[in-house]
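Working through the structure, step by step
Here's the letter readout for the chains.
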Amino acid sequence: MSNSLTQLALKKFKKNRSGLLSFWYIVLCGIIAVFAYLFAPDDSSNANQMHLEIHSKKPGFTVQMLMLPSQKVSDQKFFSKLFFGKQNTVTEIPISSYRITSSTLEIVPYSEEGIQKLVKEYPLKIVKNNPEEYITSKTFLLGTDKYGRDLLSRMLIGTRISFFIGFIAVFISLIIGITIGSIAGYFGGKIDVFIMWLINITWSIPTLLLVIAITLALGKGFWQVFVAVGLTMWVEVARVVRGQIMTTKQQQYVEAAKALGFSHARIIFRHILPNIMAPIIVISAANFAAAILIESGLSFLGIGAQPPTPSWGAMIKDHYSYIILGKAYLAIIPGLAIMSLVMAFMLIGNALRDALDVRN
């Protein structure tokens, strides 16, 4: 059995049940985020099939659906379908009942009880003289939102926003924070004073306000939010890296590297940083959770991912008024998703802190 620090840390991490469970939950969310359209019942682009007749239905709602084929069907590549969803090739019409005559298909569009709707007729040639093949029963496991879209599909595809913003924002914050923190901690002096002044100024600005300002400067959109969140999260990384390097640069192996004539960049990136990665990994896990919360807040305010792109924060914004209308689940479901993913990152951060603590 290997007794290396990595192996010992891995053993301690495996003994932490909450951390291990959080790890596998995050892996599951990552798989769903990448292959969302494979799991989503509505695999159209952004799961944006609207059926206003069946809006705000409860979980488990089932309805008959007439699937009218589109006149224009364009070829779409496999990877485009896999990562961006299928183009709409059918028109879905919720129906209450239907009747086949000699030349037409008569349907009664779906309506609430007590509301009568006019019967609509379609020539049989539209459905290729075999109408029953185009009528199916559709079940919405989590119900429908206020536009009649499948809530489960929107939730699955919305995982992409919350999950990927963590990766991209943390990646940006690590690049900026490690670079600035390393320079401040290693060189010290006036450079350290100036960088600490910059860090304190940035630290004093409310995070959400700073993100809003950067988002408005870059414009509303998917990638702009990722960049904006990443540009506001480097401060904590820089402070941690600075403190660790100020302590580590006094070690004998660093003095030996200097005596051998190694460059400053090599000493920082080849000798010091590999030995202080433990606290950086822990703070990165915490920043994942913070990025998810910030993005959800931006989407709730309407300056995050823009419609029709599904986002958990935007779903809460669209449906929070339904809490007092007896349909609180429309806001609670995305809220629970945000809470569970944030908690998973916080628990895995705590588990990594315990596992990487050399004093234990």
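Preceding block: the structure.
Figured I'd write up the structure that's included with this text.

Definitions and cut-offs
- Residues numbered from 1 in each chain as written.
- Predicted model: local features only at pLDDT ≥ 70, side-chain atom pairs only at ≥ 80, totals over all residues.
- Heavy atoms only, no water.
- Salt bridge = Lys/Arg side-chain N within 4 Å of Asp/Glu carboxyl O.
- Buried < 20%, exposed > 50% of the residue type's maximum accessible area, 1.4 Å probe, protein only.
- Phe/Tyr/Trp six-rings, centres within 6.5 Å; stacked < 30°, edge-to-face > 60°.
- Helix = DSSP H or I, 4+ residues; strand = E, 2+ residues; numbered from the N terminus.
- Lys NZ or Arg CZ within 6 Å of the ring centre and 35° of its normal.
- Axes fitted to C-alpha atoms, helices over the stretch in contact; angles between N-to-C directions.
- Parallel < 35°, antiparallel > 145°, perpendicular 65-115°, else oblique.
- Contact = heavy atoms within 4.5 Å.
- Nonpolar A, V, L, I, M, F, W, Y, C, P; charged D, E, K, R; others polar.
- Pairing = 2+ DSSP bridges.
- Polar contact = N/O pair within 3.5 Å; in protein donor to acceptor, adjacent residues only side chain to side chain.
- Core = buried A, V, L, I, M, F, W, Y, C linked by side-chain atoms within 4.5 Å.
- Left-handed = near helix turned anticlockwise from the far one by under 90°.
- Expected span 1.5 Å × (residues − 1).

So, on to the pattern of salt bridges. Under the defined criterion, the tally for this structure stands at 6 salt bridges. Here Glu106 makes a salt bridge to Arg99, at a shortest N to O gap of 2.7 Å. Take Glu106: its relative accessible area is 15%, and that puts it in the buried class. Owing to a relative accessible area of 48%, Arg99 belongs among the partly exposed residues under this scheme.

This brings us to the packing of aromatic side chains. Remark: the centre distance and the inter-plane angle together describe each pair of aromatic rings, the angle taken between the planes. On inspection of all chains with the given rule, the structure shows 13 aromatic pairs. With a centroid separation of 6.5 Å and an interplanar angle of 90°, the aromatic rings of Phe13 and Phe23 are classed as edge-to-face. Here Phe13 is found in helix 1 (residues 5–15), whereas its partner Phe23 is found in helix 2 (residues 17–34), with 10 residues between them in sequence. Looking at Phe13, the relative accessible area reads 11%, which means it is buried. Of the aromatic side chains, those joined through ring pairs into one cluster are Phe163, Phe164, Phe167, Phe288 and Phe345. Above the plane of the ring of Trp203 lies Arg239, whose end atom (NZ or CZ) is 5.0 Å from the centre. Just above the ring of Phe262 sits the side chain of Arg266; from NZ or CZ to the centre is 4.1 Å.

What follows concerns the packing of helix 1 against helix 2. Relative orientation of the contacting elements helix 1 and helix 2 amounts to 90°, with a least axis distance of 5 Å. When the interaxial angle is binned, helix 1 and helix 2 end up roughly perpendicular. Note on element contacts: helix 2 touches helix 1 through Arg17, Gly19, Leu20 and Phe23, opposite Phe13, Lys14 and Lys15. When its residues are assigned to classes, the contact of helix 1 with helix 2 shows 3 nonpolar, 1 polar and 3 charged.

What follows concerns the sheet that holds strand 4 (residues 120–123). Taken together, 5 strands build an open sheet; the order of strands is 4-3-2-1-5 and the sheet is antiparallel. Where the open sheet ends on each side, the last strands, each with one partner, are strand 4 and strand 5 (135–140). In this sheet, adjacent strand axes meet at a mean angle of 55° when their direction is disregarded.

With that settled, consider the side chain of Arg154. Summarising the element assignment, Arg154 is placed in helix 5 (residues 151–187). For Arg154, the side chain forms a polar contact with the main-chain oxygen of Asn46, separated by 2.8 Å. Setting aside residues no more than four positions away along its own chain, Arg154 makes contact with Asn46, Ala47, Asn48, Asp145, Arg149, Pro308, Thr309, Pro310 and Met315.

By size, the foremost hydrophobic cluster in this structure holds 27 residues, and its most contacted members are Met155, Trp312 and Phe345. Those elements that place two or more of their residues in this core are helix 2, helix 5, helix 12 (277–301), helix 13 (312–319) and helix 14 (329–355). For this core, the element with the most residues is helix 14, which contributes 12 residues. Contacts of Trp312, omitting those with residues within four sequence positions, involve Met155, Gly158, Thr159, Ser162, Pro334, Ala337, Ile338 and Leu341.

All right, on to the pairing of strand 1 (residues 61–69) then. Bridging between strand 1 and strand 5 involves 6 bridges; their strand directions are antiparallel. Among the inter-strand pairings, Val63 is bridged to a residue of strand 5, identified as Lys138. One ladder, built from 6 bridges, connects strand 1 with strand 2 (residues 90–100); its direction is antiparallel. Each residue of the ladder has a partner; that of Pro69, found in strand 2, is Val90.

Turning to the packing of helix 7 (residues 207–218) against helix 12, a few remarks are in order. Any two packed helices are characterised by the angle at which their axes cross and by the distance between the axes. Look at helix 7 against helix 12: their axes get within 11 Å of each other, and the N-to-C directions meet at 60°. It follows that helix 7 is oblique to helix 12 by the angle criterion. In this structure, the crossing between helix 7 and helix 12 has a hand that is right-handed. Between helix 7, through Thr207, Leu208, Val211, Ile212 and Thr215, and helix 12, the contact on the second element is made entirely by Ile294, Leu298 and Leu301. Of the residues that constitute the contact of helix 7 with helix 12, the class distribution is 6 nonpolar, 2 polar and no charged.

Turning next to the environment of Ser18. Assignment of secondary structure puts Ser18 in helix 2. Given the relative accessible area of 35%, Ser18 is considered partly exposed. Spatially, the C-alpha atoms of Ser18 and Asn350 are 9.4 Å apart, while their sequence positions differ by 332 residues. Looking at Ser18, its side chain comes within polar contact range of the side chain of Asn16, at 2.8 Å.

As a further point, take helix 7. In a regular helix each residue adds 1.5 Å, so 12 residues correspond to 16 Å; helix 7 covers 16 Å between its end C-alpha atoms and thus fits that length. Taken together, the buried residues of helix 7 touch helix 6 (189–204), helix 8 (222–232) and helix 12. Two residues or fewer after helix 7 comes Gly219, characterised by a positive phi angle close to 100°.

Such coordinate-based values are descriptive only and should not be taken to indicate function.
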